[in-house]
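Residue-level structure breakdown
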There are 2 protein chains.
Amino acid sequence: MKSGDKNYMHRHDTDALYNALVEILGADCVSLDAAVAEAHAGDWSDAPRMRPRMTLLPRNPEDVARALRVLGEHRQAVVVQGGLTGLAGGATPQAGEVALSLARVNAIESFDRIGGTLTVQAGVPLEQLQTFVEAEGWFFPLDLGARGTCQIGGNAATNAGGNRVIRFGTMRDLILGLEVALPDGTMLSMMNRVTKNTTGIDLKQLFIGSEGTLGVITRIVLKLEPKPSAVNTALCAVASFDDATRLLKYLRARLANLSSFELMWQDFMSAAMDIAHLKAPFGDTYPVYVLIETLGESDDDDRRALEHSLERMLDDGIVQDVIIAQSIEHAKQLWAYRETVGELLSKLKPHAAFDIGIPMDRMNGFVEDARAALNERFSQQAHLFFGHLGDGNLHLLSGPYADAADLLKVEELIYAAVNDVQGCISAEHGIGVIKQPFLHYSRSAPELDLMGKLKALLDPAGILNVGRVTK
Amino acid sequence: MKSGDKNYMHRHDTDALYNALVEILGADCVSLDAAVAEAHAGDWSDAPRMRPRMTLLPRNPEDVARALRVLGEHRQAVVVQGGLTGLAGGATPQAGEVALSLARVNAIESFDRIGGTLTVQAGVPLEQLQTFVEAEGWFFPLDLGARGTCQIGGNAATNAGGNRVIRFGTMRDLILGLEVALPDGTMLSMMNRVTKNTTGIDLKQLFIGSEGTLGVITRIVLKLEPKPSAVNTALCAVASFDDATRLLKYLRARLANLSSFELMWQDFMSAAMDIAHLKAPFGDTYPVYVLIETLGESDDDDRRALEHSLERMLDDGIVQDVIIAQSIEHAKQLWAYRETVGELLSKLKPHAAFDIGIPMDRMNGFVEDARAALNERFSQQAHLFFGHLGDGNLHLLSGPYADAADLLKVEELIYAAVNDVQGCISAEHGIGVIKQPFLHYSRSAPELDLMGKLKALLDPAGILNVGRVTK
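Keep in mind that what you see is a predicted model, and the values were worked out from it rather than measured. (Residues numbered from 1 in each chain as written. Chains lettered and ligands numbered in written order. Predicted model: local features only at pLDDT ≥ 70, side-chain atom pairs only at ≥ 80, totals over all residues. Heavy atoms only, no water.)

1. Concerning the overall build of chain A
- The helix and strand inventory of chain A stands at 15 helices and 18 strands.
- In terms of C-alpha radius of gyration, chain A reaches 24 Å, essentially the compact-globule figure of 23 Å for 471 residues.
- Taking the principal axes of its C-alpha atoms as reference, chain A extends roughly 85 × 55 × 40 Å.
- When the 471 residues of chain A are sorted by exposure, 59% land in the buried category.
- Once local pairs closer than 6 in sequence are excluded, the contacts in chain A between residues at least 24 apart make up 72%.
- For chain A, the accessible surface area stands at approximately 17,600 Å², while carbon and sulfur atoms represent 48% of it.
- Of the charged side chains in chain A, 44 are positive and 60 negative, and the gap between their average positions amounts to 4 Å. (Helix = DSSP H or I, 4+ residues; strand = E, 2+ residues; numbered from the N terminus. Rg over C-alpha atoms; globule rule 2.2 N^0.38 Å. Buried < 20%, exposed > 50% of the residue type's maximum accessible area, 1.4 Å probe, protein only. Contact = heavy atoms within 4.5 Å. Areas by Shrake-Rupley, 256 points an atom, 1.4 Å probe, with all protein chains shown as cover. Lys, Arg positive; Asp, Glu negative; His and termini not counted. Charge placed at Lys NZ, Arg CZ, Asp CG, Glu CD.)

Here you go:
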């Protein structure tokens, strides 16, 4: 044995670690198999794929905690993995990391059918959970494109948003309780089941949205809504962004069941029609379009309220034209413009895709300035703006770019502009490894300092999701 | 000078501290006056009053941070004070503490009238803020009895709730951004202005509901709602608690603008009628009564939806009888039963008053068991149950007790029962010093341990609100 033989040391370490983990988890839960490693080598982002040196597939929350204790004793870096649908590279292994998958920690544990709360383990896929509660007259309102694959634990760790935030909030608002395995192997139970709890520091908030850097979420108590049965949809044409904000304010007061308010600027609408061969919705074109959805219980009353509201907005000149869906099929046609995003993302590759948050009173100026700057510097590319206006969440799709250096320039340009208007560089997808270099555009130096101190407090050995979010 | 002369040393310390604070804040902001001290000697709770050794009245957020730095250098314990309306003794000075009042840090700084966000300093009284935004067509939905005196910073520090949580959430849900002066004098700015922000650990959550133990909230960005103009009110009689939960589930789906769902058991109703000389609302008595309120924009559509909903519940046998208010005056009459609470609190003194949270599927059993146990052991006292059912928040008023030892027995009995059903010992009023000895009934040992570590991390000198929440 040569002490300088790194490969040997590496293998020796792996063996000791492997044996310790097998002892805790069982041989079928610790994999060195290349195919398994390949399946855990990356998320849906463009972060470079990397096979983990070992893949752990524990069967229950307690084994997750035990595995962390062993990993800590071996000073072994570990990346936590849910459904691997993230877009920020947070779950993509970095060199030398072990992958810890929650896929088998997936029991639905209990269901309060009276109050509407559900207790689940972290690995339950979102769609499975939605279907499960809907069969019993309840509804879990979080919804996003990756629903079939993403896991509820990942939704919590990233504070997922989606299409219905305007009414039901983000994942943070849908969580009553959490259980978290800390990096030192301690199980931290915070399994609150009540809406109002004022018994000191709300510790679970530390783990929601911190992307698995402080602990591994293992169990969750979710707050459900009664299942709605009536969906109403409308598409509005408006003359300006300002009119769209007036429409939003009126509808927020008038229609408490407003569940979506999606904004599309004319440039996006035009690209959407091109790529999906869709007809123009109205005879004329308009600067801005708004897609509206309500979720309720009474088709008649809900429809009447929507019609009355939009008639009023037409009379007041705030809305120029409107289409109210007359059937489910018709509603799908109205959503079709918005749902071309997937195709546009493919067509415009390589692109820069943003999920930024902008204060509403700065939004219009931001869009106008950013469009002008991009059109001037990158006139050969498309720059399409759309977003969940009710949440101040703006998407921008810009591309295609042949040169990677241009992509970086676009990111720098947009993130610096976000900083200027006190916005945030991510409203949905998170920081992960991909946006980490830009985090300072959204968080102050004392914030970054405190985040680092919290990381050191909870993960003193520095083994868990290192390099994600903070350095 | 004798080194053993404690009074002298004490006076010397005060002088040095006093001088340092006067240098920072100005002489008019540092008071040794007995009348000022008396005005800052306690909150609305029964915690023993104690004059602070000095009262600080800084004029702006930056001076709060500077004062904390000086206090830390002198290892001087400090209690943070807002409107002093708390019911848990959190703002009542303990021996030797300096009081730091936010009363003058009370500017309304900026108002985004497009998106509906308001930036304020911590000392603005709640009612002033409500009135300010309502004059411009916006609405701040947090509301509680102390509105005229309580301050928005205290509302944030205690995560205040109130009557409209079922629709708008607690204070935590209404805060977008915070600025906090840390115990070491660092100013931590987290002045986010967007609804969705996924840029790492949501640090502001540490300070919401932690009752000023980790830092002093100095500025807040609040999320507003459009001002509603239509209020509809109804009182329902139901045959059982279970029927009340069925009614709640139906109305949550049907009436998205449902803003209150207040439950009163018959024993409470009877006591309310007695004390305020109110007529019985219905010809018969019923086991449970529910007070319902909706907040919207259209009197016609909203009224029709409420009527349709309650007709359906009558047809289904879930509601036994119903009164829908026909005027504002009539609505006040319906609320009058619920609003006898203040008088009942006075009449039943000395009492034990609880603001507990109970999971919905355990609520009925909890109330029945607790009522039986209290009636058996304390048959001479009244035990009145009511609450914000939509939030799982149960109030119990039990008294009068001549013997203080009995009060303690009632508290032990109820808190142990809360623990058994996985409830929380405070859903509204917080822990402060009064509920501190009972905190272990609601929080696990690892939670208490982590709270202590966070306290040590942020307040290593141990000067800020010491002894509140955690020991």
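Let's pick the thread back up.
2. Some thoughts on the domain arrangement of chain A
Residues and elements named next belong to chain A.
- Looking at chain A, the domain boundaries give domain 1 (6-104), domain 2 (108-226), domain 3 (230-337) and domain 4 (348-429).
- Taken together, the contact pairs six residues of domain 2 with four residues of domain 4.
- Where domain 2 abuts domain 4, roughly 380 Å² becomes buried across the two surfaces, and 42% of that area is made up of carbon and sulfur atoms.
- When the area that domain 2 buries against domain 4 is broken down by residue, the three leading residues are Gly 162, Val 165 and Ile 166, summing to 57%. (Domains from an automatic or database assignment. Buried area = accessible area lost by both parts, 1.4 Å probe.)

3. A word on the environment of B:Asp28
All names here are of chain B.
- Considering the arrangement of structural elements, one finds Asp 28 in the loop between helix 1 (6-25) and strand 1 (30-31).
- Not counting the four nearest positions on each side in its chain, Asp 28 is found in contact with Arg 59 and Arg 104.
- A polar side-chain atom of Asp 28 sits 2.5 Å from a polar atom in the side chain of Arg 59. (Polar contact = N/O pair within 3.5 Å; in protein donor to acceptor, adjacent residues only side chain to side chain.)

4. Digging into the sheet that holds strand 15 (residues 321-324) of chain B
Residues and elements named next belong to chain B.
- Taken together, seven strands build an open sheet; the order of strands is 15-12-14-13-17-18-16 and the sheet is antiparallel. The sheet is open, and its two edges are formed by strand 15 and strand 16 (352-357), each paired on a single side. Recorded for the sheet is a direction-independent mean angle of 15 degrees between the axes of neighbouring strands.
- In the sheet, strand 17 (residues 382-388) pairs with strand 18 (residues 393-399) via seven bridges, with the strands oriented antiparallel. In the sheet register, Leu 384 faces strand 18, and the bridge partner there is Leu 397.
- Against the sheet, helix 8 (residues 241-254) contacts strand 12 (230-238), strand 13 (258-265) and strand 14 (288-296), and its axis sits at roughly 175 degrees relative to strand 13. (Pairing = 2+ DSSP bridges. Axes fitted to C-alpha atoms, helices over the stretch in contact; angles between N-to-C directions.)

5. As for the packing of helix 13 (residues 360-377) of chain A against helix 14 (residues 404-420) of chain A
Residue and element names in this part refer to chain A.
- In contact at an axis separation of 11 Å, helix 13 and helix 14 are set at 155 degrees when each is read in the N-to-C sense. By the angle class used here, helix 13 and helix 14 are roughly antiparallel. Between helix 13 and helix 14 lies a crossing whose hand is right-handed. Residues Arg 362, Phe 366, Ala 370, Ala 373, Leu 374 and Arg 377 of helix 13 form the contact with helix 14, whose own contacting residues are Lys 409, Val 410, Leu 413, Ile 414, Ala 417, Val 418 and Asp 420. (Parallel < 35°, antiparallel > 145°, perpendicular 65-115°, else oblique. Left-handed = near helix turned anticlockwise from the far one by under 90°.)

6. As for the sheet that holds strand 8 (residues 175-181) of chain B
All names here are of chain B.
- Ordered in space as 5-6-10-8-9, the five strands form an open sheet in which the pairing is antiparallel. Of all the strands in the sheet, the pair left with one neighbour each is strand 5 (108-112) and strand 9 (187-190). In this sheet, neighbouring strand axes are inclined to one another by 10 degrees on average, regardless of whether the strands run parallel or antiparallel.
- The pairing of strand 8 with strand 10 (residues 216-223) spans six bridges and is classified as antiparallel. In the sheet register, Glu 179 faces strand 10, and the bridge partner there is Arg 219.
- Taken strand by strand, helix 3 (residues 61-73) contacts strand 6 (117-121), strand 8, strand 9 and strand 10, and its axis lies near 150 degrees from that of strand 10.

7. Considering the relation of the copies chain B and chain A
- When chain B is brought onto chain A, the operation consists of a screw motion whose angular component is 180 degrees and whose axial shift is 0.0 Å, with 0.0 Å RMSD remaining. Both copies are brought into coincidence by an operation consistent with a two-fold rotation axis. The rotation axis passes nearest to the C-alpha of B:Ala256 in chain B, at a distance of 2.6 Å.
- Most of the interface of chain B is mirrored in chain A: 100% of its interface residues are interface residues there too. (Least-squares fit on C-alpha atoms with pLDDT ≥ 70 in both.)

8. Focus: the interface of chain B and chain A
- Contact with chain B, which involves 89 residues of that partner, is made by 89 residues of chain A.
- On the chain B side of the contact with chain A, B:Lys196, B:Thr198 and B:Ile201 bury the most area, a combined 12% of that side's loss.
- Viewed at the interface, chain A and chain B are joined by 12 salt bridges.
- As a salt-bridge pair, A:Lys196 and B:Glu428 come within 2.7 Å of each other at their nearest N and O atoms.
- Taken together, chain B and chain A are joined by 32 residue pairs in polar contact (both at pLDDT 80 or more).
- At the level of secondary structure, the elements contributing two or more residues to the side of chain B that touches chain A comprise helix 6 (165-168), helix 7 (171-174), strand 9, strand 11 (225-226), helix 8, helix 10 (299-315), helix 13 (360-377) and helix 15 (445-458) of chain B. (Salt bridge = Lys/Arg side-chain N within 4 Å of Asp/Glu carboxyl O.)

9. What about the packing of aromatic side chains?
- Applying the stated criterion across every chain yields a total of 22 aromatic pairs over all chains.
- Put simply, the rings of A:Phe241, A:Trp265 and A:Phe385 pair up and form one aromatic cluster. (Phe/Tyr/Trp six-rings, centres within 6.5 Å; stacked < 30°, edge-to-face > 60°.)

10. Structural notes on the UniProt feature "domain: FAD-binding PCMH-type" (unreviewed entry) in chain A
- Listed under "domain: FAD-binding PCMH-type" (unreviewed entry) in the UniProt record, and renumbered for this structure, are residues 48-227 of chain A.
- Segment residues 48-227 of chain A splits into 20% helix and 24% strand. End C-alpha atoms: 41 Å apart. (UniProt positions renumbered as here; feature names shortened; annotations may be inferred.)

11. Considering the pattern of salt bridges
Residues and elements named next belong to chain A.
- Following the criterion strictly, the structure yields 56 salt bridges over all chains and no others.
- Across the pair Arg 219 and Glu 109 runs a salt bridge, and its minimum N-O distance is 2.8 Å. Of the two residues, Arg 219 is situated in strand 10 (residues 216-223) and Glu 109 in strand 5 (residues 108-112); the sequence distance between them amounts to 110 residues.
- Taking the relative accessible area as the measure of exposure, Glu 109 reaches 34% and is therefore partly exposed.

12. Quick notes on the pairing of strand 10 of chain B
Residue and element names in this part refer to chain B.
- Extensive coverage of strand 10 is indicated by the burial of seven of its eight residues.
- As paired strands, strand 6 and strand 10 are joined by five bridges and run antiparallel to one another. Considered in strand 10, the bridge of Leu 118 is made with Leu 222.

13. Things to note about unusual backbone geometry
- Across the junction of A:Lys349 and A:Pro350, the peptide omega takes the value -10 degrees, indicating a cis bond.
- Take A:Pro350: it is sitting in the loop between helix 12 (341-347) and strand 16 (352-357).
- The residue B:Glu211 is not glycine, and still its phi comes out positive at about 55 degrees.
- Among the secondary structure elements, B:Glu211 is positioned in the loop between strand 9 and strand 10.
- Even without a glycine there, the phi angle at B:Gln422 is positive, about 60 degrees.
- A residue is classified by how much of its surface remains accessible, and B:Gln422, at 41% relative accessible area, is partly exposed.

14. Notes on empty space enclosed by the protein
- Applying the stated criterion across every chain yields a total of nine cavities of 30 Å³ or more.
- Within this model, the largest cavity holds a volume of roughly 300 Å³.
- Those elements that place two or more of their residues in the lining of the largest cavity are helix 8 (241-254), strand 14 (288-296) and helix 10 (299-315) of chain A together with helix 8 and helix 10 of chain B.
- Within the lining of the largest cavity, the residues separate by chemical class into nine nonpolar, four polar and 10 charged. (1 Å grid on protein atoms, 1.4 Å probe; cavity = no way out; pocket = protein on both sides within 12 Å on 5 of 7 lines; lining within 4 Å. Points joined across faces, edges and corners; volume = space filled by probe spheres on them. Nonpolar A, V, L, I, M, F, W, Y, C, P; charged D, E, K, R; others polar.)

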